[in-house]
Amino acid sequence: MRHQQHPIGSGFSASSTVDDVLAGIDLTGKNVVVTGGHSGLGLVITRALSAAGASVTVGSRDTDRAAAAVEGIERVEVSRLDLLDPASIDAFAQRWLESGRPLHTLINNAGHAGTGEIERDARGYEAQFATNHLGHFQLTHRLYSALKAARGARVVSTTSGAQRMSGILWDDPNFVERSFDPGLAYAQSKTANVLFTVELDRRWRGGMIRAFAAHPGVIASTAFNSAVGADAQRELGLIDESGQPIIDPERGKKTPEQGAATIVFGATSPLLAGIGGVYLNNCDISELHDNQRPVTAEEIPADVVSHSIDPRSARRLWTLSEQLLSSTSFTPEPR
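All values reported here derive from a predicted model rather than from experimental measurement.

Visitor: Would you mind showing me how to read the packing of helix 5 (residues 127-142) against helix 12 (residues 311-324) here?
Guide: Two packed helices can be described by the angle between their axes and the distance between those axes. One can describe the packing of helix 5 onto helix 12 by two numbers: an axis separation of 11 Å at closest approach and a directional angle of 90°. The pairing of helix 5 with helix 12 is recorded here as roughly perpendicular in orientation. Within the contact between the two elements, helix 5 uses F129, H133, L134, F137 and H141 and helix 12 uses L317, W318, S321, E322 and L324. Here the contact of helix 5 with helix 12 is composed, by residue class, of six nonpolar, three polar and one charged.

Written as structure tokens, this is what we have:
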């Protein structure tokens, strides 16, 4: 399989922070949407992009909580967005389109970590797949005209090294027939983020819209990663006996500022000009590594694997996603 997963020698590393990546970059006049931009990595991204001059809109289900979190950050506004509710997604996008603003960067960052029990949206779709992929798929399509109007836009989707663990469960993506496995559901949704990136870039680059999937590393201090429980975090070497995060970026264990750096790199770096449809890790394009290695306290494999960037699977997922959204007001982008 031909692919573009070759590092470009960005000069950054696993230890690089958002400040490192944004050094010398002026985002004045740029409009950015960050889903979940009020907590965890999203809040770090919002602060960093604002400090570089961007105007940031945070999409959040809980607008009061989000507004309190971003209070005092310049050029930041909050708009309600529930990625499990197609009507909420449409309403968010419609408000943006009615504002007449071009959208220079869309960061699909919000995520649903799931629990041990299956959760479903009103359509019966498994909640991790519905939030992490389908909701962002719908949102990105609805914002297509604003992205095209930017005449040089980027769509960055936050993914995970968990994409290594599963392809798309084509025969039963919503766990109707099979027993629910929360880890498998999460891995499927993160693979979907990468495949969406591959096909979006192929389809939309003619409209000067490029796409990237970014793996931030493992950030023990975020609510998203702490949801697995302290025992599991200790077993993976993410926290010490006192519960404090263990920072070891070369092994994928990062601070929020280090984790957000790869997402911000995808959103802003001039080094990625003319490139798209790739998976990023450690502020560079990831190598392709198909050799399966277990996740241990000493190593958390995170490079991209072939099933996550396969162009046939990417096209197939795009079609499946359109079909799953066909009962909503979803309309594909113009051909």
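Visitor: Looking at this structure, how should I read helix 10 (residues 256-268)?
Guide: Counting along an α-helix, one turn takes 3.6 residues, and residues three or four places apart therefore face a common direction. Between its first and last C-alpha atoms helix 10 spans 18 Å; for 13 residues at 1.5 Å apiece the expected length is 18 Å, and the two agree. The principal kink in helix 10, of about 30°, is found at T262. Within helix 10, eleven of the 13 residues are buried, leaving the element largely enclosed by the surrounding structure. If you check which residues of helix 10 are buried, you get Q258, G259, A260, A261, T262, I263, V264, F265, G266, A267 and T268.

Visitor: What exactly am I supposed to notice about the sheet that holds strand 1 (residues 31-35) here?
Guide: Backbone-to-backbone hydrogen bonds pair the strands of a sheet. The strands run either parallel or antiparallel. Reading across the sheet, the eight strands line up as 3-2-1-4-5-6-7-8 and stay open at both edges, with mixed pairing between neighbours. Strands with a single pairing partner mark the edges of an open sheet, and in this sheet they are strand 3 (76-80) and strand 8 (284-285). As judged from the two bridges shared by strand 7 (residues 278-281) and strand 8, these two strands associate in the antiparallel manner. Paired with L280 across the bridge in strand 8 is I285. Along the sheet face, helix 2 (residues 40-51) touches strand 1, strand 2 (55-60), strand 3 and strand 4 (105-108) and points at about 170° away from the line of strand 1. This element, helix 10, spans strand 4, strand 5 (153-158), strand 6 (209-215), strand 7 and strand 8 of the sheet and lies at about 160° to strand 5.

Visitor: It is not clear to me how the packing of aromatic side chains should be interpreted in this structure. Could you clarify?
Guide: Aromatic ring pairs are defined here through the distance separating the ring centres and the angle between the ring planes. The tally for this structure, following the rule as stated, stands at seven aromatic pairs. Aromatic pair F12 and F265: ring centres 5.9 Å apart, planes at 75°, arrangement edge-to-face. Of this pair, F12 sits in the segment before helix 1 (18-22) while F265 sits in helix 10; the two residues are 253 residues apart in sequence, bridging distant segments of the chain. Ring centres of F137 and W318 lie 5.1 Å apart, and the angle between their planes is 75°; on these two criteria the pair is classed as edge-to-face. Here F137 is found in helix 5, whereas its partner W318 is found in helix 12, with 181 residues between them in sequence. Here F137 and W318 have matching classes, each one buried. The structure contains a cluster of three or more aromatic residues connected by ring pairs, namely F137, Y144, F196, W204 and W318.

How each quantity is defined
Per chain, residue numbering runs from 1 following the sequence as it is written. The model is predicted, so local features are restricted to residues of pLDDT at least 70 and side-chain atom pairs to those at 80 or more, both for listing and for counting; the totals for chains, interfaces and linings are taken over all residues. To get the side-chain values, all heavy atoms of the structure are used, and hydrogens and water are removed first. Fitted lines through C-alpha atoms serve as axes, helices being fitted only where they are in contact, and the angles separating the N-to-C directions of these axes extend from 0 to 180 degrees. Secondary structure is summarised from DSSP: a helix means a run of H or I of at least four residues, a strand means a run of E of at least two, and numbering begins at the N terminus for each. Any angle from 65 to 115 degrees is called roughly perpendicular, while one under 35 is roughly parallel, one over 145 is roughly antiparallel, and all others are oblique. Contacts were defined at the residue level, with two residues in contact if any of their heavy atoms lie within 4.5 Å. Polarity classes work like this: nonpolar for Ala, Val, Leu, Ile, Met, Phe, Trp, Tyr, Cys and Pro, charged for Asp, Glu, Lys and Arg, and polar for all others, with Gly in that last group. Residue count minus one, scaled by 1.5 Å, sets the expected span of a helix. Given a residue, its bend is the angle between the two axes fitted to the seven residues that end at it and to the seven that start from it. Relative accessibility decides the category of a residue: with a 1.4 Å probe and only protein chains considered, values under 20% of the type maximum give buried, values over 50% give exposed, and everything between is partly exposed. In this description, strands pair whenever DSSP reports at least two bridges between them. When two rings of Phe, Tyr or Trp (its six-membered ring) have centres within 6.5 Å they constitute a pair, described as stacked for plane angles under 30 degrees, edge-to-face for angles over 60, and tilted for the intermediate range.

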